[in-house]
Amino acid sequence: MRRWPVRQAAARALVRMFFPPWSGQQARSGATLVSRERGFALLIVLWTLVLLSLLVGALAAAGGGRARVADALRRNAELDAAAEGGVQEAMFHLLDRSRARWPADGRVREVRRGPVVLRVLIETEAGKINPNQAQPALLEALLLAVGADRDTARQLALNIESWRRPGMPVAGGVGNGGALANAYAAAGRDYGPPGQPFESLDELGLVLGMTPALLDRMAPHLTLFRQGDPDPGSADPVVRRALEIAAGGAGGAGSVIDAGGGQGTGQGGGQGGGQGPARDESVVSIWVDAAIGDRHAVRHAVAAGPGEGNAAATGASPLRILALDPVALPPRRLRAGSGTATDAGAPAGDDAGAADR
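Residues numbered from 1 in each chain as written. Predicted model: local features only at pLDDT ≥ 70, side-chain atom pairs only at ≥ 80, totals over all residues. Heavy atoms only, no water.

Moving on to the side chain of Arg-164. Relative to the helices and strands, Arg-164 is located in helix 4 (residues 150-164). If sequence neighbours within four positions are ignored, Arg-164 has contacts with Pro-131, Asn-132, Gln-133, Ala-134, Gln-135, Pro-136, Leu-139, Gly-195, Gln-196, Pro-197 and Phe-198. (Helix = DSSP H or I, 4+ residues; strand = E, 2+ residues; numbered from the N terminus. Contact = heavy atoms within 4.5 Å.)

Here we come to the pairing of strand 4 (residues 295-304). Most of strand 4 is tucked away, with 8 of its 10 residues classed as buried. When strand 3 (residues 283-292) meets strand 4, the two strands line up antiparallel, connected through 10 bridges. Opposite Val-288, over in strand 4, you have Arg-299 as the bridge partner. With antiparallel pairing between neighbouring strands as the criterion, strand 3 and strand 4 make up a hairpin whose turn holds 2 residues, including Gly-293 at a positive phi of roughly 65°. (Buried < 20%, exposed > 50% of the residue type's maximum accessible area, 1.4 Å probe, protein only. Pairing = 2+ DSSP bridges.)

Another point: helix 4. With 15 residues, helix 4 extends 22 Å from end C-alpha to end C-alpha; this agrees with the ideal 21 Å at 1.5 Å per step. Turning to helix 4, its buried residues are Ala-153, Leu-156, Ala-157, Asn-159, Ile-160, Glu-161, Ser-162, Trp-163 and Arg-164. One side-chain oxygen of the residue at the start of helix 4 lies 3.2 Å from the amide nitrogen of Asp-151, identifying that residue as Asp-149. (Expected span 1.5 Å × (residues − 1). Polar contact = N/O pair within 3.5 Å; in protein donor to acceptor, adjacent residues only side chain to side chain.)

Turning to the packing of aromatic side chains, a few remarks are in order. A complete count under the given rule lists 4 aromatic pairs for this structure. On the basis of an interplanar angle of 50° and a centroid distance of 6.2 Å, the ring pair of Trp-163 and Tyr-184 is categorised as tilted. Taken as a pair, Trp-163 in helix 4 and Tyr-184 in helix 5 (residues 178-186) lie far apart in primary sequence, 21 residues in all. Side by side, Trp-163 and Tyr-184 carry an identical accessibility label, which is buried. For the ring pair Trp-163 and Tyr-191, a centre distance of 6.1 Å and an interplane angle of 80° mean the geometry is edge-to-face. Taken together, the residues Trp-163 in helix 4 and Tyr-191 in the loop between helix 5 and helix 6 (212-218) connect sequence positions 28 residues apart. Judged by its relative accessible area of 3%, Trp-163 is buried. For Tyr-191, a relative accessible area of 26% gives the class partly exposed. (Phe/Tyr/Trp six-rings, centres within 6.5 Å; stacked < 30°, edge-to-face > 60°.)

Extensive coverage of strand 2 (residues 116-124) is indicated by the burial of 9 of its 9 residues. The alternating pattern of strand 2 places Val-116, Leu-118, Val-120, Ile-122 and Thr-124 and Val-117, Arg-119, Leu-121 and Glu-123 on opposite faces, both of which are buried. Pairing of strand 1 (residues 105-113) with strand 2 involves 7 bridges; the strand directions are antiparallel. Considered in strand 2, the bridge of Asp-105 is made with Glu-123. If you look at the hairpin formed by strand 1 and strand 2, you'll find 2 residues sitting between the two strands, and Gly-114 has a positive phi there, around 65°.

Structure, rendered in structure tokens:
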């Protein structure tokens, strides 16, 4: 019994030897160190939470941006498909022989397909001028009709002629070959007339003397897809004015075009029905503006239509697309023209509003 207190005393002595008690100052220093370690750990935790929050926010923002991009791509694809479908629908109605037919009369028709609103304009190319075939006098007359002065019109008409045909002189110079190249070089151009037909209307912008403003005014009255002279009965007022100028002997143009004995109106008379000669729909131009809210997709197509010399003679499909292109903006008359809205199953009839020319 007496040995137990001795053993306890010895144990306490050993503990004091190896683990001496802290003084009051040492105790306070240890407490301060523990407090600092705890504060540093808390700071690390807070910074980790901040970084995690930023990472989560960045991921959420990236995911939202990608979702918006995907939605915009989906909507654009939907509009593109609707616009091209509108071209096919216009061709279908162009072939229709009932009273609900859509003739190439230059009128705007509006059709709804679910959330998509289609505005469709069909016009014949028969009343337009082909710059690859028109004589310089007719080109000069068209330039006068769109507002060019006489000197500019005469020079530019000759330059257009020199562009499409080899060996032709250029306005402001004589001869051909080197003289043409010199004339273009003097104007700062690094090219010259190729002596070949125009492949697109935009190529007219390369002709010496052509300005963007003049080309914008000429382009609606030009076509590369119809052969021969413009049909006065299908011509618009500008082309009819050009035909009058050319037929009136401007620059000896009396032999350039046969005015055909009639002025016609707009896109010509009706398709039969006792309203004058049948409209020439051998080649037609189709404009489609597909819209969902403020989003638009525009397509312009040129098709060989069911007029003379087409399917009836060849036995081929009565319509074939010659060109189909996306367009940044539809023509003004397609945006401004009023149309008759129809439901998804009813075609727009002839009561659609007239196009604003």
